[in-house]
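Structure assessment
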Amino acid sequence: MDMIELDGTEGGGQLLRSALTLALCTGTGFSMQNIRGRRRRPGLMRQHLTAVNAAAAVGSAAVHGAELGATALRFEPGTVQGGDYHFATGSAGSATLVLQTVLPELWQAASPSRLRLEGGTHNPLAPSADFIADAYLPALAKMGVAVDFTLGQHGFHPAGGGMLEVQVAPCPTLKHIAFDARGALASVEAKVLMSGLPTNIGQRELQVLADRLGVEAHPRHVHVVRPAVGPGNVALVRVRHDTHVEVFSGHGERGLSAEQVGARLADAVQHYLQGEGCVGEHLSDQLLLPMALAGGGSFTTHVISEHLASNARLIEKFLPVEFDWTPAGQGWRVQVSR
């Protein structure tokens, strides 16, 4: 079996997840050293280990070194099989990141799949379930990927307890799509999720978003999550243009006022709205892999993040594709081609 040697020193868990996905989609194995080497706690944490085990399960892979804290891993892919799968992080580790790890290989499978994923659904530093449902999956749908996604239970950091149910249809061929223009602004909407905390916190966040973005500040946009598995607070803004949707989130945390949460979130939304790029920073990074599997595609974005650049370098090790980014107005145009 062909094997690729990878160094995870400069990358976080994303490099590992992308490598797992690409190994199963291409049949090329890999070994990775120094996993999350620059992080405060290097090595595999629970959500990374869940992603490894999930990839191994759907792809009948042989894995060496898959244990908590491990800084080296060898992954030898087998044949991907559609079917019914259940994966749980056992903590507030992100269920959405596990989903993104196994989704591409499952849409390449010959038969449909059903997934039940347990863990965090609204975590800092991970795509929220709302982002997956309203931004990521609609973008994939334009490429031909058909996924039915249901949020069964919210899960916040640090308690977790969330649940996602997902159905994936086979998609043997992906379309080449250009996300180059987002069209006219259609709406900006906000909501705040509260779990086990006073609702006035959410109302204060919502008021900041109303003052800064012009969204409606009605109390009905503060959603109380029941049952409250643990304390949690996430403010969400959905920006809908004629041809594209982006979702932004801000997370409450100890020592951070509701007004600060709202202001940081409003800053991120306004930065996107004032730019010219179609695709936001986080989604732009996540579109690279499916576009590479499609063999082509393009998008405009306002920034080339280090996450995007490192992901592109990794993908080029597994697939015969090239990534080019060139200045376009006040942002960048990213082109994927064979």
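See the structure shown above.
Residues numbered from 1 in each chain as written. Predicted model: local features only at pLDDT ≥ 70, side-chain atom pairs only at ≥ 80, totals over all residues. Heavy atoms only, no water.

This part is about the environment of His218. The residue His218 is located in the loop between helix 5 (199-213) and strand 11 (222-224) in this model. Classification of His218 by relative accessible area gives partly exposed; the value is 35%. Through-space distance from the C-alpha of His218 to that of Leu206 is 8.4 Å; in sequence the pair is 12 residues apart. Among all residues touching His218, those that are not within four sequence positions of it are Gln203 and Leu206. (Helix = DSSP H or I, 4+ residues; strand = E, 2+ residues; numbered from the N terminus. Buried < 20%, exposed > 50% of the residue type's maximum accessible area, 1.4 Å probe, protein only. Contact = heavy atoms within 4.5 Å.)

Most of strand 12 (residues 232-241) is tucked away: eight of the 10 residues are buried. Alignment of strand 12 against strand 13 (residues 245-251), held across seven bridges, turns out to be antiparallel. Following the sheet pairing, Val237 is matched in strand 13 by Phe248. (Pairing = 2+ DSSP bridges.)

Right, let's get into the side chain of Ser94. Position of Ser94 relative to the elements: it lies in the loop between strand 5 (84-88) and helix 3 (95-107). Among the polar contacts listed, one links the side chain of Ser94 to the side chain of Thr96, at a separation of 2.8 Å. (Polar contact = N/O pair within 3.5 Å; in protein donor to acceptor, adjacent residues only side chain to side chain.)

Let us look at the environment of Gly329. As for its position among the elements, Gly329 is in the loop between strand 15 (322-328) and strand 16 (331-337). The class of Gly329 is exposed, set by a relative accessible area of 70%. C-alpha of Gly329 to C-alpha of Ala23: the two residues are 306 residues apart in sequence and 36 Å apart in space.

Time to look at the packing of aromatic side chains. Aromatic ring pairs: the centre-centre distance and the angle between the two ring planes describe each pair. Applying the stated criterion to the full structure yields three aromatic pairs. On the basis of an interplanar angle of 15° and a centroid distance of 5.9 Å, the ring pair of Tyr85 and Phe87 is categorised as stacked. Taking relative accessible area as the criterion, Phe87 reaches 10% and is therefore assigned buried. Ring centres of Phe248 and Tyr272 lie 5.5 Å apart, and the angle between their planes is 50°; on these two criteria the pair is classed as tilted. On the criterion of sequence distance, the pair formed by Phe248 in strand 13 and Tyr272 in helix 6 (residues 258-274) is long-range, its members being 24 residues apart. An identical accessibility class is assigned to Phe248 and Tyr272; each is buried. The ring of Tyr272 carries Arg182 above its face, with NZ or CZ at 4.5 Å from the centroid. (Phe/Tyr/Trp six-rings, centres within 6.5 Å; stacked < 30°, edge-to-face > 60°. Lys NZ or Arg CZ within 6 Å of the ring centre and 35° of its normal.)

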